[in-house]
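This is what each chain is made of:
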Amino acid sequence: MQLRDLIQQATVEFGYPPLSVEYIDQLIKNFEDNPVSCLFSTENGFIAGFITEGHILLPNIKVALEVAWYVHPLHRNKMEGGRLYKMFEKWAKENGVAYIFQGIKNKDSKKVSEVHMRKV
């Protein structure tokens, strides 16, 4: 699948109305053009995040925040999410990040149930 289609599918799966093609294209461009953000994708998923030194709990410490992570339902539990996370983690390390924050979804819910902080 194309990244645009994956983003659209994630949006609908999480219960939100479909996004316009123009919005998705601008979103992708914004992530690609910003040196403190990332958007990695495979044929079956994507992960997006950004780096900040303004985290409310860790001021003046460089942290990476995962802001979206999606794997097509047919490819879940097949290491696809792990491959995407490794791309994100590598990018964070290359950019001198001290910690990664990621949302963890409860298996029975579409909502994030907890946030994990991992030292890089």
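Residues numbered from 1 in each chain as written. Predicted model: local features only at pLDDT ≥ 70, side-chain atom pairs only at ≥ 80, totals over all residues. Heavy atoms only, no water.

1. Let's talk about the confidence of the model for the protein chain
Rule in force here: For every residue, the predictor states its confidence as a pLDDT score lying anywhere from 0 to 100. Comment: elements are numbered from the N terminus, with helices defined as DSSP H or I runs of at least four residues and strands as E runs of at least two.
Across the protein chain, the average pLDDT comes to 90, with 90% of residues at 70 or higher. Confidence, read as mean pLDDT per element, is least for strand E5 (residues 112-119) in the protein chain (62) and greatest for strand E1 (residues 37-42) (98).

2. Observations concerning the packing of aromatic side chains
Heads up, the rule is: The aromatic pairing rule takes the rings of Phe, Tyr and Trp, using the six-membered ring of Trp, and pairs them if the centres are within 6.5 Å, calling planes under 30 degrees apart stacked, those over 60 edge-to-face and the rest tilted. The cut-offs for exposure are 20% and 50% of the maximum accessible area for each residue type, with area from a 1.4 Å probe on protein chains only; residues under the lower value are buried, those over the upper are exposed, and the others partly exposed.
For the structure shown, the criterion picks out five aromatic pairs. Ring centres of Phe-14 and Tyr-70 lie 6.4 Å apart, and the angle between their planes is 75°; on these two criteria the pair is classed as edge-to-face. Highlighted residues: Phe-14 in the loop between helix H1 (3-13) and helix H2 (21-33) and Tyr-70 in strand E3 (residues 59-71), separated in sequence by 56 residues. Its relative accessible area of 29% is what places Phe-14 among the partly exposed residues.

3. A look at the environment of Met-87
Here is the rule we go by: Residue contacts are defined here by distance: any two heavy atoms, one from each residue, within 4.5 Å place the two residues in contact.
By the element assignment, Met-87 lies in helix H3 (residues 80-94). Between the alpha carbons of Met-87 and Ile-51 there is a distance of 14 Å; along the sequence they are 36 residues apart. Excluding its chain neighbours within four sequence positions, the residues that come into contact with Met-87 are Phe-40 and Thr-42.

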